[in-house]
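Report on the structure
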Amino acid sequence: MDESMTPHVFLPTTKDAFVVASEVPACEFIHVGKQFGTLEVLRDINLEVRRAEKVALIGPSGSGKSTLLRTLMTLETINAGEIKVNGETLTNGSWTPDQQRSDKPAARARRRRIGMVFQQFNLFPHMTAAENVAVAPRKVLGLPRNEAEERAQKYLSMVGMSAKANELPLRLSGGQQQRVAIARSLAMEPEIMLFDEVTSALDPELVGEVLAVLRKLGEESDLTMLLVTHQMEFARNFADRVAFLWQGQIHEVAEAKSIFDNPTEERTRQFLRAVLESH
Ligand SMILES: Nc1ncnc2c1ncn2[C@@H]1O[C@H](COP(=O)(O)OP(=O)(O)OP(=O)(O)O)[C@@H](O)[C@H]1O
Ligand SMILES: [Mg+2]
């Protein structure tokens, strides 16, 4: 049949569907506000993160970086605005706290698209590295034991920890424990990964191995990554965009090179000068 004779098809082809889907931001903060009592911690946060984009959050202590990540992880409720994941509402400031923490299957499914790694790795001390990674896929996702174990091996290998799979956390260095913690999050196969100062609790000589894992993840996966860091050099090389937070607001957001070489806001310039001088 001549192609021009093909009747109009209403369903998108796989390729069209991909194009349309990939244009939906991985996540969006829309006028998000957060208060702790009377303290305004996030104010009118607007940020769209593309799929596979890497965004670094920088800013002084108390500027709201961790809180921003925690609202996306739904570890904190919000008081205003909306957060969307894949175009779907994750949480809305007009919902009650209980609604925001809703444990309904749909809410749980949206949350599962997001994983987070913290400064403190908090591995289960009585479980081996492999068991730490396999436990959530087994208990939360309901994978059979052998599949969960295979998955654990896969992600331990991705972070370069296969050789220590059967060790207890106590016998691992801080850097190794943090790599296991990263594998543990990855094993839930999220689309968005949040990293909150994941190298801050490490001895300086162990920082590099964890940053190398992040770099590899950035290069080899299409994960969307939001990362709070005080390592400016890393942020510059790793991130597509950098957001500078100041007093609960995104004061400036720009491509990494441009914000470091040529910040437009005076506050950003002051912050960068202070941080770079202290190193
Ligand atoms: N659970 C809480 N209850 C009350 N206030 C809080 C709570 N968590 C954070 N805050 C306050 O919110 C503000 C932002 O804190 P947040 O931890 O997001 O800052 P940050 O930018 O991550 O700082 P740091 O670089 O020190 O980690 C701070 O003033 C902090 O004291
Ligand atoms: Mg913080």
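The text that follows walks through the structure, step by step, so that each part is easy to find.

Rules used in this analysis
- Residue numbers here run from 1 along each chain, matching the order of that chain's written sequence.
- Key to labels: chains lettered from A, ligands numbered from 1, both in the order written.
- With the structure being a predicted model, the display of local features is reserved for residues of pLDDT at least 70 and the display and counting of side-chain atom pairs for 80 or more, all residues being used for whole-chain, interface and lining totals.
- As a convention, hydrogens and water are excluded, and side-chain values are obtained from all of the structure's heavy atoms.
- Note on terminology: a nonpolar core comprises buried Ala, Val, Leu, Ile, Met, Phe, Trp, Tyr and Cys residues joined through side-chain atoms within 4.5 Å.
- Accessible area is worked out with a 1.4 Å probe on protein chains only. A residue is then buried under 20% of its type maximum, exposed over 50%, and partly exposed in between.
- By definition, any uninterrupted DSSP run of H or I lasting at least four residues is a helix, any uninterrupted run of E lasting at least two residues is a strand, and each is numbered from the N terminus.
- Contact definition: two residues touch when any of their heavy atoms are within 4.5 Å.
- Here a cavity means grid points, on a 1 Å grid over the protein atoms only, where a 1.4 Å probe fits yet cannot get out; a pocket means an open set of points with protein on both sides within 12 Å along at least five of seven lines; lining residues are those with an atom within 4 Å of a point.
- Grid points are joined across faces, edges and corners, and a volume is the space filled by probe spheres set on the points.
- Residue polarity is assigned by list, with Asp, Glu, Lys and Arg as charged and Ala, Val, Leu, Ile, Met, Phe, Trp, Tyr, Cys and Pro as nonpolar; anything else, Gly included, falls into the polar class.
- Strand pairing requires that DSSP identify at least two bridges connecting the strands.
- Every axis in this analysis is a line fitted to C-alpha atoms, fitted for helices over the stretch in contact. Angles between the N-to-C directions lie between 0 and 180 degrees.
- Angle categories: roughly parallel below 35 degrees, roughly antiparallel above 145, roughly perpendicular from 65 to 115, and oblique for all the rest.
- Handedness of a helix crossing follows the sense of rotation of the near helix relative to the far helix, less than a right angle counterclockwise being left-handed and clockwise being right-handed.
- By convention in this text, a residue qualifies as near a molecule or strand provided that one of its non-hydrogen atoms is within 4 Å of it.
- A 3.5 Å cut-off defines polar contacts: any pair of N or O atoms within that distance qualifies, except that in protein one atom must be a possible hydrogen donor and the other a possible acceptor, and neighbouring residues in sequence count only when both atoms are side-chain atoms.
- Computed with the Shrake-Rupley method and a 1.4 Å probe, the accessible areas treat only the protein chains shown as cover for residues.

For the rest of this paragraph, the subject is the nonpolar core. Here is a general trend for soluble globular proteins: nonpolar side chains tend to be buried in one another's company. Grouped together as the largest cluster of nonpolar side chains are 52 residues, with contacts concentrated most on Leu156, Ile182, Phe195 and Leu214. The biggest single contributor to this core is helix 8 (residues 204-220), with seven residues. Ignoring sequence-local partners within four residues, the contact set of Phe195 consists of Leu69, Val117, Ile182, Leu214, Leu217, Met225, Leu226, Leu227 and Val228. Counting 26 residues, the second-largest nonpolar core is a separate cluster that includes Ile45, Val55, Ile83 and Ile250.

This part covers empty space enclosed by the protein. Left-over empty space is what a probe sized like a water molecule reveals as it rolls over the atoms. According to the stated counting rule, one finds one cavity of 30 Å³ or more in the structure shown. Volume-wise, the largest cavity comes out at about 30 Å³. Lining the largest cavity, in full, are Thr71, Thr74, Glu76, Thr77, Thr91, Gln100 and Arg101. Its residues assigned to classes, the lining of the largest cavity shows no nonpolar, five polar and two charged.

On a regular strand, each side chain points to the face opposite its neighbour's, so the side chains alternate between the two faces of the sheet. For strand 7 (residues 192-196), the buried fraction is high: five of the five residues fall into the buried class. Of the two faces of strand 7, the one carrying Ile192, Leu194 and Asp196 and the one carrying Met193 and Phe195 are both buried. Alignment of strand 6 (residues 114-117) against strand 7, held across four bridges, turns out to be parallel. Directly across from Met116, in strand 7, lies its bridge partner Leu194. Here five bridges tie strand 7 to strand 8 (residues 224-228), and the two strands are oriented parallel to one another.

The next point concerns the packing of helix 7 (residues 174-186) against helix 8. With their axes 8 Å apart at the nearest point, helix 7 and helix 8 run at an angle of 25° to one another. With respect to their mutual orientation, helix 7 and helix 8 come out roughly parallel. Of the two possible hands of crossing, helix 7 and helix 8 adopt the one that is right-handed. Contacts between helix 7 and helix 8 pair Gly174, Gly175, Gln176, Gln178, Arg179, Ile182 and Leu186 from the former with Leu206, Glu209, Val210, Val213, Leu214 and Leu217 from the latter. Looking at the contact of helix 7 with helix 8 residue by residue, the classes come out as seven nonpolar, four polar and two charged.

By nearness alone, 13 residues border ligand 1, and Ser61, Gly62, Lys65, Ser66 and Thr67 come closest of all. Residue Ser63 places a main-chain N or O atom 3.2 Å away from an oxygen atom belonging to ligand 1. At a separation of 2.8 Å, an oxygen atom of ligand 1 approaches a polar side-chain atom of Ser66. Protein burial of ligand 1: of its 630 Å² of free accessible surface, 59% is covered by the chains. At the level of elements, strand 2 (39-49) and helix 2 (65-72) are the ones that each hand at least two residues to the shell around ligand 1. Among the elements that line the shell around ligand 1, the one with the most residues is helix 2, at three residues.

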